[in-house]
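# Summary of structural features
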Amino acid sequence: MPDSEKPTLLLVDGHSLAFRAFYALPIDSFVTRDGQHTNAIHGFLSMLILLLQKEKPTHLGVAFDISRFSFRNREYPEYKGTRGETPPEFKGQVPLLEEALHAMNITTISKEDFEADDILATLSLQGKQQGYRVLVVSGDRDTIQLVDDDVTLLYPNARGVSELKRYDEDAVRERYGIDPAQYPEIAALVGETSDNLPGVDKVGEKTAVKWIQQYGTAAELLEHADEISGVVGNNLREQRDRVVRNRKLNRLVRDVELPVSPHDLVRNPIDATAVREVFERLQFRTLLDRVIKLEGTADDQLVGDDERLPVAAIPAVRTMVDEELAKWLDTASEHGTAPLGLRIVTINGQVEGFGIASASESAWVPWAPGRPDYEALASWLASDSPKYLHEAKRQLKTLAGTGLELNGIAFDTTLGAWLLRPSTKADTLGGLTYYYLGETLPEPDPSQLVPETEAVSPATEAWYVFRLAGELASRLDPGSLSVSREIEVPLVPVLARMETQGVAVSAPVLAELNSRLGTQAAEIARQAYAEIGREVNLGSPKQLQEVLFDQLGMPKTRQNKTGFSTDAASLADLQDQHPHPFLELLLQHRDATKIRQIVETLEKGIGADGRVHTTYEQTGSATGRISSNDPNLQNIPIKTEVGREVRSAFQPGEGFETLLTADYSQIEMRIMAHLSEDEGLIEAFNSGEDLHRFVGARIFRVDPSEVTPVMRTKVKAMSYGLAYGLSAFGLSKQLRIETSEARELMADYFARFGAVRDYLRGVVEQARADGYTTTIFGRRRPFSDLTSTNRVLRENAERQALNSPIQGSAADIIKRAMLTIDADIRERMLGSRMLLQVHDELVFEVAPGELPELTEIVRTRMAGAATLSVPLEVQLGSGPNWDAAAH
DNA sequence: AAGGTGACGTA
DNA sequence: CGTACGTCACCTTG
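Cut-off values and rules
Residues numbered from 1 in each chain as written. Chains lettered and ligands numbered in written order. Predicted model: local features only at pLDDT ≥ 70, side-chain atom pairs only at ≥ 80, totals over all residues. Heavy atoms only, no water. Buried < 20%, exposed > 50% of the residue type's maximum accessible area, 1.4 Å probe, protein only. Helix = DSSP H or I, 4+ residues; strand = E, 2+ residues; numbered from the N terminus. Phe/Tyr/Trp six-rings, centres within 6.5 Å; stacked < 30°, edge-to-face > 60°. Lys NZ or Arg CZ within 6 Å of the ring centre and 35° of its normal. 1 Å grid on protein atoms, 1.4 Å probe; cavity = no way out; pocket = protein on both sides within 12 Å on 5 of 7 lines; lining within 4 Å. Points joined across faces, edges and corners; volume = space filled by probe spheres on them. Nonpolar A, V, L, I, M, F, W, Y, C, P; charged D, E, K, R; others polar. Pairing = 2+ DSSP bridges. Axes fitted to C-alpha atoms, helices over the stretch in contact; angles between N-to-C directions. Contact = heavy atoms within 4.5 Å. Domains from an automatic or database assignment. Near = heavy atom within 4 Å. Polar contact = N/O pair within 3.5 Å; in protein donor to acceptor, adjacent residues only side chain to side chain. Expected span 1.5 Å × (residues − 1). Right-handed = clockwise from strand over helix to strand, strands pointing away. UniProt positions renumbered as here; feature names shortened; annotations may be inferred. Arc of directions from axis to C-beta. Salt bridge = Lys/Arg side-chain N within 4 Å of Asp/Glu carboxyl O. Parallel < 35°, antiparallel > 145°, perpendicular 65-115°, else oblique. Left-handed = near helix turned anticlockwise from the far one by under 90°.

### A short note on unusual backbone geometry
With an omega of -5°, the peptide bond running from D630 to P631 counts as cis. Positive phi outside glycine occurs at K56, with the angle close to 45°. Overall, the relative accessible area of 59% leaves K56 in the exposed class. Phi angles above zero are rare outside glycine, and H335 is one such case at about 60°. In this fold, H335 is placed in the loop between helix 15 (322-332) and strand 10 (340-347).

Here's what the structure looks like:
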């Protein structure tokens, strides 16, 4: 068979190539946000992709060493003995690389007691015998011996792994002057420093080649050792044991028993889901594209989770109106009982039409306001007939002003995908379709004026939404499904209303504050410049470093990526060690400008209606919390006096009487008490005593009345820190006390509240065993790093795992309260409205005369949102603005 | 123009 | 070496 028709078997020495990549790529340029180094993985995969494109192997396998030890160490304990410790930055990368390869459906092979090269040797021999063209990729020179007619070695050059030198028989002869099979004979004589195998003294490559050309093998040479004259001859005779040993060790084993043979290494389609997941974790974006491209775009090449999904045929789009639509809706929805996918299309804010789809049919319904012939559509939309949507809140809001009502949202694919993978950011419909269905939904590139790809019909999109909803629901566990049904989906219209209503903000109050802070900041800056004798940009950490550490010669602070930290904590430390008026002025300047920033952002956010409309990101956090953006109304200042002035700008709108605020008191600690069943903590909440005073009394063994403010501060920091996985070191830093004292404090705390510690430990253990944590209401958060060998990653994951059920349960609880409060307001047809949610607080705008009734509703619903072993206490307050309403 | 970083506001 | 977020200004990179 001519070579070109032979199947190609590509065999890679994973460990040696990854190691080469590790040294070839800058270590600092490839680090994930979590601190995991990825340069070796990146370099390896990049090389592999190039190889796959260039060599187009039909069969592929990657061999790994299991450990640093093999049979060679038993025979010669010093083998590879001079190799230093593997760099810690490299160690953790190998398992991740293997994971990535598995996701790409590439077989990895390793064998106890053998090195990767032995596996390559065995498979290349088998491959050759079975008629393959074999390509061996290795950074170990011993593999030169494998080269022959059918076997070519690809060897990385000094520059790294991107360029591989091709060694076929001729290339080896040209480079070394011998046949490939003779290479180990030479290596035995010369020795291999990196393997700690010394050769014959004074014998280098030149001499060795000359001898082997003459005698053929090292063994034959040794037979005739007495014929060799000179110093090298003497050395050869004296050091013949070295040669024998080297030759023994550098012979690759070609008959290792392996679980696979070459034909098992046939290339398979990648597991697109898994590849995305792994690459996302490694933060490889361009590589992901390259891998996907490698597969071509054929849908049948892609597999989902573990089975190949059949590609359903896209139903033909029917355009329908009037009676035909009425009939179809009734049939397709099985008289309002069966769900349909729904897609609302707007152009420049105007609704253009609706895509509606069942499992097998899809319809496009054009729409224009004021037309009377869409009764069937309007009534289906307004009915409880179940609907599946993508980004339901956004879609729902587009209907505002159309007179159309939308009810019956049964599933939101955005929310479903988030509940499955809460740590990932929201994906587009096309992204989810690709990820979960393994199919490609053409999406026009929004940056192109004339898109290359035509968008699919909204009706077809609705069909994908429908199928995606089914797929996601089937993947959700019962707990998450109930969170979807009982909490998240019902919350969609509630949040939509809150966003649409917005909150009234007084422009004059903000304007006054802005100009006052501006003057103040300028004055502070002037004084600061005077202190240092020049003008610098006080907002530039880089310039500040020059001033503080070069000009003023202050002691160095905590190191960060760009130099030394100039954050508030570091500046406070500096003030202690090296007092200077500039430091205080700088801090004041920061305070003033930061609040001014917030004020300006708010001013820009005031709409034509005099109100600020935030957007709540329902999938914005991994724990279940809601986030707020554009503008963020969840980080309005409160801690300082000027900060509270910002809050005073939030006021009831025209026609409303007052603002009502309601917040949970110590909800996270209460959840801890409930989940840990700690008797002491439960008693603390049932006693009616101030929590920190009660806990302080227990810890310091004094009467509650004898708990001093200092004691209370310490206890408070400890209690709050607990739910975050605080360490003694962290506590000492925060309280500016000795680590030993912090350690004692923690010990005393746990001596009194031991069940809390047991619970926190248990959470992490459970999460490690299950792979996820769960909230009181069944919300899950998966973790992958709890078993990581990388300590930083693992301990980060542990703290997140310990915090998630607590923060997540609190999020569940306030969401449940929001649902019932909203339902009550609507049922009783109150004019008052819920406007803001700030994690444990709700803000309402109260219609005239409704304060008592609303207060009662809010108190009851918030307190009753969960039944815990401690009461849920709610603090309420009202007033003419957000600041005054706070208690 | 886009992306990363430091700093800092909230719960 | 404490969780969860979003936003800004600055600065480097393309």
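### Description of the packing of aromatic side chains
Applying the stated rule across the entire model yields 13 aromatic pairs. On the numbers, 4.9 Å between centres and 80° between planes, the contact of F19 with F90 is edge-to-face. Taken together, the positions of F19 in helix 1 (residues 14-24) and F90 in helix 4 (residues 88-91) put the pair 71 residues apart, joining distant regions of the chain. Taken together, F19, F22 and F90 form an aromatic cluster joined through their ring pairs. Cation over ring: K556 sits above F564, and NZ or CZ is 5.5 Å from the ring centre.

### Describing empty space enclosed by the protein
A complete count under the given rule lists 5 cavities of 30 Å³ or more for this structure. Forming the walls of the largest cavity are 13 residues, and the residues nearest its centre are L60, M104, I106, R267 and N268. The residue makeup of the lining of the largest cavity, split by class, is 8 nonpolar, 3 polar and 2 charged.

### Re the sheet that holds strand 6 (residues 164-167)
In sheet architecture, strand pairing relies on hydrogen bonds along the backbone and comes in two forms, parallel and antiparallel. Read from one edge of the open sheet, 6 strands run 3-2-1-4-5-6, paired in mixed fashion. Each end of this open sheet is capped by a strand with a single partner; those strands are strand 3 (107-109) and strand 6. Direction aside, neighbouring strands of the sheet carry axes that sit 25° apart on average. Bridge analysis of strand 5 (residues 151-156) against strand 6 gives 4 bridges, and the strand direction is antiparallel. Each residue of the ladder has a partner; that of Y155, found in strand 6, is K165. In the packing of helix 1 onto the sheet, the strands contacted are strand 1 (8-13), strand 2 (59-63), strand 4 (133-137) and strand 5, and the crossing angle to strand 1 comes to about 60°.

### What about the layout of surface pockets?
By volume, the second largest pocket amounts to about 1,400 Å³. Taken together, 38 residues line the second largest pocket, and the ones lying closest to its centre are I638, K639, R647, V838 and D840. Of all the secondary structure elements, the ones that give two or more residues to the lining of the second largest pocket are helix 25 (581-605), helix 26 (641-647), strand 21 (658-664), helix 27 (667-676), helix 30 (709-722) and helix 34 (791-827). Counting residues per element, the lining of the second largest pocket draws most heavily on helix 25, at 4 residues. Each of domain 3 (506-605) and domain 4 (668-809) gives at least three residues to the lining of the second largest pocket.

### Description of the protein's contact with DNA strand B
Surveying the vicinity of DNA strand B reveals 21 residues, the closest of which are K561, T566, R590, I638 and D840. Close to the protein, within 4 Å, the atoms of DNA strand B are drawn from sugar and phosphate at a rate of 85%. At 3.3 Å, a side-chain N or O of K594 approaches a base oxygen of DNA strand B. Take the surface near DNA strand B: its biggest share by element is 3 residues, from helix 25. Each residue belonging to the surface near DNA strand B can be placed in one class, and the counts come to 5 nonpolar, 7 polar and 9 charged.

### Quick look at helix 33 (residues 754-770)
Over its 17 residues, helix 33 runs 24 Å from end to end, which matches the ideal 24 Å to within 8%, given 1.5 Å per residue. Within helix 33, the full set of buried residues consists of G754, V756, Y759, L760, V763, V764 and A767. Turning to helix 33, the residues buried within the fold contact helix 27, helix 28 (679-687), helix 30, helix 32 (739-752), strand 22 (772-774) and helix 34. At the C-terminal side of helix 33, G771 shows a positive phi close to 90°.

### Some points on the pairing of strand 14 (residues 409-412)
Looking at chain direction, strand 13 (residues 387-389) and strand 14 are connected through 3 bridges and run parallel. In the sheet register, L389 faces strand 14, and the bridge partner there is D412. You can see the chain leave strand 13, run along helix 17 (residues 392-398) and come back into strand 14, and the turn it takes is right-handed.

### Observations regarding the UniProt feature "domain: DNA-directed DNA polymerase family A palm" (unreviewed entry) in chain A
Per the UniProt record, "domain: DNA-directed DNA polymerase family A palm" (unreviewed entry) is found at residues 643-850. The distance separating the terminal C-alpha atoms of residues 643-850 is 29 Å; by composition the span is 60% helix and 12% strand.

### Topic: helix 32
Taking 1.5 Å per residue, 14 residues should reach 20 Å; helix 32 reaches 20 Å between its end C-alpha atoms and fits that length. Where helix 32 is concerned, the buried positions are A742, L745, M746, Y749 and F750. Each buried residue of helix 32 lies within a common arc of 125° when the element is viewed along its axis, so the set occupies one face. Looking at helix 32, the residues exposed on the side facing more than 90 degrees away from the buried face are R743, E744 and A751. Buried residues in helix 32 make contact with helix 27, helix 29 (691-700), helix 30, helix 31 (728-735) and helix 33.

### Observations concerning the domain arrangement of chain A
The domain boundaries assigned to chain A delineate domain 1 (3-172 + 252-265), domain 2 (317-476), domain 3 (506-605) and domain 4 (668-809). Using only C-alpha atoms to locate each centre, domain 2 and domain 3 end up separated by 50 Å.

### Considerations on the pattern of salt bridges
Per the stated rule, a full pass over the model turns up 46 salt bridges. Between R173 and E169 there is a salt bridge, and its shortest N-O distance comes to 3.8 Å. Here R173 pairs with E169, and both are found in helix 7 (residues 169-176), just 4 residues apart, close to one helical turn. The shortest N-O distance in the salt bridge between E499 and K397 comes to 2.5 Å. Of this pair, E499 sits in helix 21 (residues 478-501) while K397 is found in helix 17, placing the two residues 102 residues apart along the sequence.

### With respect to the protein's contact with DNA strand C
Among the 30 residues in the neighbourhood of DNA strand C, the closest are listed as N537, S540, A622, D630 and S727. Within the contact set of DNA strand C, a phosphate oxygen lies 2.6 Å away from a backbone nitrogen or oxygen of D630. Within the side chain of N632, one N or O atom sits 2.9 Å away from a sugar or linking oxygen of DNA strand C. Among the elements that line the surface near DNA strand C, the one with the most residues is helix 34, at 4 residues. Across the surface near DNA strand C, the residue classes break down as 4 nonpolar, 21 polar and 5 charged.

### With respect to the packing of helix 22 (residues 507-532) against helix 25
Running from amino to carboxyl end, helix 22 crosses helix 25 at an angle of 155°, the nearest separation of the two axes being 8 Å. By the angle between their directions, the pair helix 22 and helix 25 is classed as roughly antiparallel. Every pair of crossing elements has a handedness; the one defined by helix 22 and helix 25 is left-handed. Per-class residue counts for the contact of helix 22 with helix 25 are 17 nonpolar, 7 polar and 4 charged.

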